[in-house]
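Residue-level structure breakdown
Listed here are the chains, written in short residue letters.
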Amino acid sequence: DRFVNPKRDKLVEWILSHPESLDEDLTERAEEADLRIIESDDGQIRIYSWISGGGTCPDWTNVFQYRDSEGKVHADYSLPVMGKGIDAITVTDIIDGGIIDGKKTYFFDFYAKASSSDGYNDVYAVTVHKDTFALGPQFERNGKLEESVGINYDIPDWYFRSNTEGWDWLFYYQPEKHRFYASTT
């Protein structure tokens, strides 16, 4: 019963068949259907997610809705740059990176939980490229270029050591300098 929700199934089916609904406020309908919404500040990307299975290591299902560089709106179960069938992870934040190297850039904060105490956050830079997404600029870390930057942490320790402030401050982007900061343990 925890993972099955007829209202959610109906709303997800409707979103997939009506991608133009990106321009509509679906907050109330999403709450009724037990869907979490993450949206970019510019309203060009929206992600609906829910726990679809698992226990202490939950499986997430995500529906991505986005406007491409030609203005067409798409909806699918996957973020094209990450491949089909993303499970066990969800996006917890979309950080607007502005224009980097002449391309609109976003940072997607992917979250996964491997057990009741093991958590992960990985950030990928993506750009809107024609009708899809492409991996964006790479991160320079310790003199090497990497496609993502992330952190693995012990959930109970992190919670208490961060003065119960949670995970909202793990990543920080400084747009004027194109610098992305990641906390480390």
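This text goes with the structure placed above it.
The following paragraphs examine the structure supplied in this document.

Procedures and definitions
- Residues numbered from 1 in each chain as written.
- Predicted model: local features only at pLDDT ≥ 70, side-chain atom pairs only at ≥ 80, totals over all residues.
- Heavy atoms only, no water.
- Patch = residues over 30% accessible without salt bridge, like charges linked within 9 Å, V, L, I, M, F, W, Y side chains within 5 Å.
- Areas by Shrake-Rupley, 256 points an atom, 1.4 Å probe, with all protein chains shown as cover.
- Salt bridge = Lys/Arg side-chain N within 4 Å of Asp/Glu carboxyl O.
- Lys, Arg positive; Asp, Glu negative; His and termini not counted.
- Charge placed at Lys NZ, Arg CZ, Asp CG, Glu CD.
- Helix = DSSP H or I, 4+ residues; strand = E, 2+ residues; numbered from the N terminus.
- Phe/Tyr/Trp six-rings, centres within 6.5 Å; stacked < 30°, edge-to-face > 60°.
- Buried < 20%, exposed > 50% of the residue type's maximum accessible area, 1.4 Å probe, protein only.
- Contact = heavy atoms within 4.5 Å.
- Pairing = 2+ DSSP bridges.

1. A look at a negative patch on the surface
Together, Asp 25, Glu 28, Glu 31 and Glu 32 give the surface a local cluster of negative charge. Mapped onto the secondary structure, Asp 25 falls in the loop between helix 1 (6-17) and helix 2 (27-32).

2. Things to note about the packing of aromatic side chains
In this structure the tally under the stated criterion is 11 aromatic pairs. Geometrically, the ring pair formed by Phe 110 and Tyr 124 is edge-to-face, given 5.9 Å between the ring centres and 85 degrees between the ring planes. Highlighted residues: Phe 110 in strand 6 (residues 103-113) and Tyr 124 in strand 7 (residues 118-129), separated in sequence by 14 residues. Take Phe 110 and Tyr 124: they sit in the same class, and that class is buried. Ring geometry for Tyr 173 against Phe 180: centres 6.2 Å apart, planes inclined by 35 degrees, an arrangement best described as tilted.

3. Regarding the environment of Asp 122
In this fold, Asp 122 is placed in strand 7. For the pair Asp 122 and Glu 147, spaced 25 residues apart in sequence, the C-alpha to C-alpha distance is 9.9 Å. Once residues within four sequence positions are removed from consideration, Asp 122 is found in contact with Phe 108, Asp 109, Phe 110, Val 149, Gly 150 and Ile 151.

4. Overview of the pattern of salt bridges
Note on pairing: side chains with opposite charge can pair once their charged atoms come close. Going through the model one piece at a time under the given rule, you end up with 5 salt bridges. Its salt-bridge partner being Asp 34, residue Arg 8 comes within 3.9 Å of it at the nearest N-O pair. Here Arg 8, found in helix 1, pairs with Asp 34, found in the loop between helix 2 and strand 1 (36-39); they are 26 residues apart in sequence, far enough to count as distant. In the salt-bridge network here, residues are joined through shared partners; they are Asp 42, Asp 96 and Lys 104.

5. Concerning the pairing of strand 2 (residues 45-53)
Among the 9 residues in strand 2, 7 count as buried, and that is most of the element. As paired elements, strand 1 and strand 2 share 4 bridges and run antiparallel to each other. Residue Ile 37 lies in a different strand from strand 2, and its bridge partner there is Tyr 48. Between strand 1 and strand 2, which pair antiparallel one after the other, the connecting turn spans 5 residues, and Gly 43 there sits at a positive phi close to 75 degrees. With 8 bridges joining them, strand 2 and strand 3 (residues 59-67) adopt antiparallel strand pairing. Looking across to strand 3, one finds that Gly 53 is bridged to Asp 59.

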